[in-house]
Amino acid sequence: MALNFVPKLLLVLAFAAFSTGARRSELELKETHMSLFFHDIAAGPNFTLIPVAGIAGKLWTFAQFGTAFVTDDPLTETPDRNAPIIGRGQGIYVTSGLDGRNTHVLISIVFTNKKYNGSTLEIQGTSKQFEKVREVSVVSGTGQFRFARGYATFETYLLDPATFYSVERCNVTVQHY
Ligand SMILES: *[C@@H]1O[C@H](CO)[C@@H](O)[C@H](O)[C@H]1NC(C)=O
Ligand SMILES: *[C@@H]1O[C@H](CO)[C@@H](O)[C@H](O)[C@H]1NC(C)=O
Ligand SMILES: *[C@@H]1O[C@H](CO)[C@@H](O)[C@H](O)[C@H]1NC(C)=O
């Protein structure tokens, strides 16, 4: 049994080495840049962002440590609210700085446009939420963005406090195969 096992294992290893070599020469690292606009409604009947958990007895606001929000924002290629939707920004934010300044961001960009339909990008990291430009890491992806890594910046493009509506511009730079 043991003798029989050795050649098979070697064969497997040899094949693995061969296929790894083929992959490396076929796949080329690409860099993709894009600007996306997140349309966010933080209150009212059509909200796309809502606090879902927090410390009892405290206000569940962005500035309060321990508050968790869930979001599902439509994404467009231009700031226009009525522009075609190219995907959704779905995930959670948790205010994770005791002083309320930093939020932990876990957002999937779920593409539905023709070019990237079915592919996703995963954003994860701490965001200095009250700064003008917030930079977070892009840690992975699926579909056309397999093995993706890079970074994304967020900046508020438009804010309408009366309707709790805001538009965030997100610039993504990712390297992927
Ligand atoms: C919420 O969405 C519905 C359906 O799209 C729309 O008719 C309504 O005017 C919206 N309400 C507000 C406050 O934007
Ligand atoms: C995206 O893929 C879904 C399911 O595969 C399909 O129903 C839809 O029509 C596609 N959308 C575009 C814009 O290609
Ligand atoms: C995002 O990209 C736009 C151009 O598409 C640029 O004008 C803007 O300054 C960029 N924002 C950041 C924070 O780099």
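Here the structure is shown first, and the text comes after it.
Our subject in this report is the structure included herewith. (Residues numbered from 1 in each chain as written. Chains lettered and ligands numbered in written order. Predicted model: local features only at pLDDT ≥ 70, side-chain atom pairs only at ≥ 80, totals over all residues. Heavy atoms only, no water.)

### Here we look at the overall build of the protein
Link 1 in the chain: Of regular secondary structure, the protein possesses one helix and nine strands.
Link 2 in the chain: Along its sequence from the N terminus, the protein presents helices and strands in the succession α-β-β-β-β-β-β-β-β-β.
Link 3 in the chain: Taking all 177 residues of the protein together, 35% fall into the buried category.
Link 4 in the chain: Here the protein has roughly 11,000 Å² of accessible surface; of this, 61% comes from carbon and sulfur atoms. (Helix = DSSP H or I, 4+ residues; strand = E, 2+ residues; numbered from the N terminus. Buried < 20%, exposed > 50% of the residue type's maximum accessible area, 1.4 Å probe, protein only. Areas by Shrake-Rupley, 256 points an atom, 1.4 Å probe, with all protein chains shown as cover.)

### Side note on the site of ligand 2
Link 1 in the chain: Near ligand 2, the surroundings consist of Thr-112, Lys-114 and Asn-117.
Link 2 in the chain: Interatomic distance of 2.4 Å between a side-chain N/O atom of Asn-117 and an oxygen atom of ligand 2.
Link 3 in the chain: Starting from 360 Å² of accessible surface for ligand 2 in isolation, the protein chains cover 26%. (Near = heavy atom within 4 Å. Polar contact = N/O pair within 3.5 Å; in protein donor to acceptor, adjacent residues only side chain to side chain.)

### As for the packing of aromatic side chains
Link 1 in the chain: Under the definition given, this model contains eight aromatic pairs.
Link 2 in the chain: Between the aromatic rings of Phe-38 and Phe-154, the centroid separation amounts to 5.3 Å while the plane-to-plane angle is 70 degrees, which identifies the pairing as edge-to-face. Taken together, the residues Phe-38 in strand S1 (residues 30-41) and Phe-154 in strand S8 (residues 149-160) connect sequence positions 116 residues apart. In this pair, the class of Phe-38 matches that of Phe-154, namely buried.
Link 3 in the chain: Members of the aromatic cluster, connected to one another through ring pairs, are Phe-62, Phe-69 and Tyr-93.
Link 4 in the chain: We note Arg-81 situated over the ring of Tyr-165; from NZ or CZ to the ring centre the distance is 3.7 Å. (Phe/Tyr/Trp six-rings, centres within 6.5 Å; stacked < 30°, edge-to-face > 60°. Lys NZ or Arg CZ within 6 Å of the ring centre and 35° of its normal.)

### Points about the nonpolar core
Nonpolar side chains in soluble globular proteins generally cluster together in the buried interior.
Link 1 in the chain: In this structure, Leu-36, Ile-109, Leu-121, Ile-123 and Val-172 are the most contacted members of the largest nonpolar core, which totals 24 residues.
Link 2 in the chain: Of all the secondary-structure elements, those providing two or more residues to this core are S1, strand S3 (68-76), strand S4 (85-95), strand S5 (102-111), strand S6 (120-128), strand S7 (133-142), S8 and strand S9 (165-176).
Link 3 in the chain: With four residues, S5 is the single largest residue contributor to this core.
Link 4 in the chain: Once you skip the residues sitting within four places of it in the chain, Leu-121 turns out to touch Met-34, Ile-107, Ser-108, Ile-109, Phe-111, Val-138, Ser-140, Gly-141, Phe-145, Ala-148, Val-172 and Val-174. (Core = buried A, V, L, I, M, F, W, Y, C linked by side-chain atoms within 4.5 Å. Contact = heavy atoms within 4.5 Å.)

### Comments concerning the side chain of Ser-127
Link 1 in the chain: Structurally, Ser-127 is set in strand S6.
Link 2 in the chain: Its relative accessible area of 7% is what places Ser-127 among the buried residues.

### Brief notes about the environment of Ile-50
Link 1 in the chain: Relative to the helices and strands, Ile-50 resides in strand S2 (residues 49-53).
Link 2 in the chain: Taking relative accessible area as the criterion, Ile-50 reaches 30% and is therefore assigned partly exposed.
Link 3 in the chain: Placed 19 residues apart in sequence, Ile-50 and Phe-69 show a C-alpha to C-alpha distance of 5.3 Å.
Link 4 in the chain: Setting aside its immediate chain neighbours within four residues, Ile-50 contacts Ala-68, Phe-69 and Val-70.

### Focus: the pattern of salt bridges
Link 1 in the chain: With the rule as written, the count across this model stands at four salt bridges.
Link 2 in the chain: Arg-134 is the partner of Glu-168 in a salt bridge, and the nearest nitrogen-oxygen pair spans 2.6 Å. Of the two residues, Glu-168 is situated in strand S9 and Arg-134 in strand S7; the sequence distance between them amounts to 34 residues. Residues Glu-168 and Arg-134 agree in their burial class; the two are buried. (Salt bridge = Lys/Arg side-chain N within 4 Å of Asp/Glu carboxyl O.)

### Describing the environment of Leu-49
Link 1 in the chain: Among the structural elements, Leu-49 can be located in strand S2.
Link 2 in the chain: Taking C-alpha positions, Leu-49 is 9.6 Å from Gly-91, a pair spaced 42 residues apart along the chain.
Link 3 in the chain: Leaving out residues up to four positions away in the same chain, Leu-49 has contacts with Asp-40, Ile-41, Ala-42, Phe-62, Phe-69, Val-70, Thr-71 and Tyr-93.

### Observations regarding a nonpolar patch on the surface
Link 1 in the chain: A contiguous nonpolar surface patch, about 400 Å² in accessible area, is contributed by Leu-27, Leu-29, Phe-147 and Tyr-177.
Link 2 in the chain: By the secondary structure assignment, Leu-27 is in the loop between helix H1 (2-26) and S1.
Link 3 in the chain: Leu-27 sits in the partly exposed class, given a relative accessible area of 37%. (Patch = residues over 30% accessible without salt bridge, like charges linked within 9 Å, V, L, I, M, F, W, Y side chains within 5 Å.)

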